[in-house]
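Listed below, chain by chain, are the residues.
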Amino acid sequence: MKLKNILYAVVISVATSVFSVFIYGKLISKNINDGQLSEKLPVQYAHFFDGNKKAGPADFTAAAASSISAVVHIKTHISQRQVSSKEDRNDPFSNFFGSQPQIIPEQLGSGSGVILSDDGYIVTNNHVIEDADNISVTLNGHKTYKAVLIGADPKTDIAVLKIAATNLPYLAYGNSDAVETGQWVLAIGYPWNLDITVTAGIISAKTRSVGINKPDHPVETFIQTDAAVNLGNSGGALINTAGELIGINTALASPTGAYAGYSYALPVNVVKKVVNDLIKYGAVKGS
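Everything numeric here is computed off the predicted structure, so don't read it as measured data. In every chain, residue numbers begin from 1 and rise along the written sequence. Where totals are concerned, whole chains, interfaces and linings use all residues; where local detail is concerned, this predicted model gives features only for residues with pLDDT of at least 70, and gives and counts side-chain atom pairs only at 80 or more. The side-chain numbers reported here are obtained from all heavy atoms of the structure, hydrogens and water having been left aside.

(A) Seen up close, the overall build of the protein. Numbering of helices and strands starts at the N terminus; helices are DSSP runs of H or I of at least 4 residues and strands are runs of E of at least 2. Counting its secondary structure elements, the protein contains six helices and 15 strands. Here the protein holds 287 residues, and the buried ones make up 34% of them. Intrachain contacts of the protein at a sequence separation of at least 6 include 64% that bridge at least 24 residues. When the accessible area of the protein is evaluated, it comes to approximately 17200 Å², of which 57% is carbon and sulfur surface. A simple rule labels every residue: compare its accessible area, found with a 1.4 Å probe on the protein chains alone, to the largest value its type can have, and call it buried under 20%, exposed over 50%, or partly exposed in between. Throughout, a residue-residue contact means that at least one pair of heavy atoms, one from each residue, lies within 4.5 Å. Method for areas: the Shrake-Rupley scheme with a 1.4 Å probe, in which residue coverage is limited to the protein chains shown.

(B) Local environment of the sheet that holds strand β9 (residues 158-162). The strand order across the open sheet formed by seven strands is β7-β6-β1-β4-β5-β9-β8, and the pairing between neighbours is antiparallel. Looking at the sheet topology across the chains shown, the edges are occupied by β7 (144-146) and β8 (148-153). Here the strands of the sheet are splayed against their neighbours by 30 degrees on average, with no regard to which way each runs. Sheet analysis places β8 next to β9, joined by five bridges and oriented antiparallel. Within the sheet, the bridge partner assigned to Ala152 lies in β9 and is Ala159. Only strands joined by at least two bridges in the DSSP assignment are considered to pair. Axis definition: a line fit to C-alpha positions, over the contact stretch in the case of helices; interaxial angles, taken between N-to-C directions, run 0 to 180 degrees.

(C) Broad picture of unusual backbone geometry. Located in the positive-phi region is Asn167, a residue other than glycine, with phi close to 55 degrees. For Asn167, a relative accessible area of 71% translates into the label exposed. Despite not being glycine, Asn193 has its phi angle at roughly 65 degrees, a positive value. Inspection of the secondary structure assignment puts Asn193 in the loop between β10 (184-189) and β11 (197-208).

(D) Structural detail: the layout of surface pockets. Only protein atoms enter the 1 Å grid, on which a cavity is a set of points fitting a 1.4 Å probe that cannot get out and a pocket is an open set with protein on both sides within 12 Å along at least 5 of 7 lines, lining residues being those with an atom within 4 Å of a point. Grid points are joined across faces, edges and corners, and a volume is the space filled by probe spheres set on the points. Counted as a void, the largest pocket has a volume near 390 Å³. Lining the largest pocket are 23 residues, with Ser110, His127, Leu231, Gly232 and Ser234 positioned closest to its centre. Elements that contribute at least two residues to the lining of the largest pocket include exactly β1 (71-78), β4 (107-115), α5 (126-129) and β14 (245-253). Top contributing element to the lining of the largest pocket by residue count: β4, with five residues. Any residue outside Ala, Val, Leu, Ile, Met, Phe, Trp, Tyr, Cys, Pro, Asp, Glu, Lys and Arg is labelled polar, Gly included; the first ten of those are nonpolar and the last four are charged. Its residues assigned to classes, the lining of the largest pocket shows nine nonpolar, twelve polar and two charged.

(E) A look at the nonpolar core. In this text, buried Ala, Val, Leu, Ile, Met, Phe, Trp, Tyr and Cys residues form a nonpolar core when linked through side-chain atoms within 4.5 Å. Core analysis: the largest hydrophobic core is formed by 27 residues, its most contacted members being Val114, Val123, Ile158 and Leu245. Elements that contribute at least two residues to this core include exactly α3 (61-67), β9, β10, β13 (237-239), β14, β15 (262-267) and α6 (268-281). The leading source of residues in this core is α6, at five residues. The next biggest cluster of nonpolar side chains, apart from the first, holds 16 residues, and it includes Ile135, Tyr145, Ala159 and Ala165.

(F) Local environment of α6. Compared with the 20 Å implied by 1.5 Å per residue over 14 residues, the 19 Å span of α6 between its first and last C-alpha is a close match. Residues of α6 that are buried include every one of Val268, Val271, Val274, Val275, Asp277 and Leu278, and no others. One less than the residue count of a helix, multiplied by 1.5 Å, gives the span that helix is expected to have.

(G) Structural context of the environment of Asp133. Summarising the element assignment, Asp133 is placed in the loop between α5 and β6 (134-138). When its relative accessible area of 44% is taken as the criterion, Asp133 is described as partly exposed. Sequence spacing of Asp133 and Ser79 is 54 residues, and the spatial spacing of their C-alpha atoms is 6.6 Å. Excluding anything up to four places from it in sequence, Asp133 contacts His77, Ile78 and Ser79. Within the local environment of Asp133, its side chain forms a polar contact with the backbone nitrogen of Ser79, the two atoms lying 2.5 Å apart. Distance and chemistry together define a polar contact, namely a pair of N or O atoms within 3.5 Å, with one atom able to donate a hydrogen and the other to accept it when in protein, and with adjacent residues in sequence counting only for side-chain atoms on both sides.

As structure tokens, this is what we get:
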């Protein structure tokens, strides 16, 4: 009798377990079908998706190939010079002991630039060419030209150069007002005196002010990206995936001076105004 009771208990337990698992499975299946894995999108995401338009792969080869020939390597030379200590505002003793001559050794610098026209107008950062006695421009094909400074604007940190060349490749202006946070971008330039280098990232913020331009009333409305830039990238191109120029790489945020996650480019819509004024007037007019 005891054995029979035990068998009944085992059968009832097994049946109850099977029934519980069956019911649980049905409930889970209903929740999944009604929720995350159903074809229905959450309302906050639904407007982002278009069934007729599929996201393409992150392939930047065409944009890079069409742009690198229009980005140049700029090298500068500042001759050794002698200055009086009165020119050094950090010298607190010059008023007491008179002017003491100081020798500033020659300096060599490098950066990047972007060709804007087939007849040799080039935009770069003012800090790349500031105080330079000689400026040379090397094209991607390694041909080098002596450059003439057309004009510079410290408030935006933009300068325009000109080389005596024709039929040059150049970048077309994009529209920096139309860029969006999360959009893929490429940074092109000559970091660390290397040959042409392309890096990719996204726009992580717009209209950033980071306090790097020192003149009175500086213009700072940077595009912030996580595309890697380093020393030498200044003045180079920030382009979209269509190969259009959307900014001039100007600065990076770093405690060490090397890339640490964020870089900043002056929007091309600001650059266009400054470049046009510098070419036409030699200075920026109006606001």
